[in-house]
Amino acid sequence: MITDEDIKEITELFIEVANDTDALSDVMDEYRERSLAFRIHDSAYKTGFIFQNGKIRALRTLDRPTCLVETDKNTFWKIINQDDPDLQRLLIYTAFLTERSLSLQSEDGDIQIHSENLIKIFSNIAEMVA
């Protein structure tokens, strides 16, 4: 079973690695004038991260992103542990459209771009934990 400690460790490591490499530079460029936050809502740590001003950092309670993605620990864990990009994309869209275990709210209405960026983010996390 996935624990809160596991989730916290993965998100902290992801933030550190993503900021030290340029693997997500194209995604970060999208969020210079807007922001994308990812929150895992059933973690005791209120774990999450935000892309803002070309950087990734831990999500804080007072942050007001232009796009918010939320999911639960099990959905997050299932997606990041899928190493096939096509199956990972399928899991993301299934969680979003069918299971409703992943939600995406956007002030700018640019759901397609945010969805594609979310896939890149999940792929990057999956590569990191593999």
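Heads up: the structure comes first, above all this text.
Everything numeric here is computed off the predicted structure, so don't read it as measured data.

Asker: Break down the overall build of the chain for me, citing the residues and quoting the values.
Answerer: If you tally the helices and strands in the chain, you get 5 helices and 5 strands. Across the chain, helices and strands are ordered from the amino to the carboxyl terminus as α-α-β-β-β-β-α-α-β-α. Taken over the C-alpha trace, the chain has a radius of gyration of 13 Å; the compact-globule value for 130 residues is 14 Å, and the two agree within 12%. Seen through its C-alpha atoms, the chain measures out along the principal axes to roughly 35 × 30 × 25 Å. Looking at the chain as a whole, 46% of its 130 residues qualify as buried. Accessible surface computed for the chain: about 7100 Å², of which carbon and sulfur atoms make up 49%. The positive charge centre, built from 14 side chains, and the negative charge centre, built from 25, are 6 Å apart in the chain.

Asker: Could you give an account of the pattern of salt bridges, with specific residues and numbers?
Answerer: Taken as a whole, this structure holds 12 salt bridges when the rule is applied. The salt bridge involving Glu116 is made with Arg89; its shortest N-O contact spans 3.2 Å. One end of the pair, Glu116, is in helix α5 (residues 111-129); the other, Arg89, is in helix α4 (residues 85-99), and 27 residues separate them in sequence. Since its relative accessible area comes to 34%, Arg89 is described here as partly exposed.

So, how was this worked out
Residues numbered from 1 in each chain as written. Predicted model: local features only at pLDDT ≥ 70, side-chain atom pairs only at ≥ 80, totals over all residues. Heavy atoms only, no water. Helix = DSSP H or I, 4+ residues; strand = E, 2+ residues; numbered from the N terminus. Rg over C-alpha atoms; globule rule 2.2 N^0.38 Å. Buried < 20%, exposed > 50% of the residue type's maximum accessible area, 1.4 Å probe, protein only. Areas by Shrake-Rupley, 256 points an atom, 1.4 Å probe, with all protein chains shown as cover. Lys, Arg positive; Asp, Glu negative; His and termini not counted. Charge placed at Lys NZ, Arg CZ, Asp CG, Glu CD. Salt bridge = Lys/Arg side-chain N within 4 Å of Asp/Glu carboxyl O.

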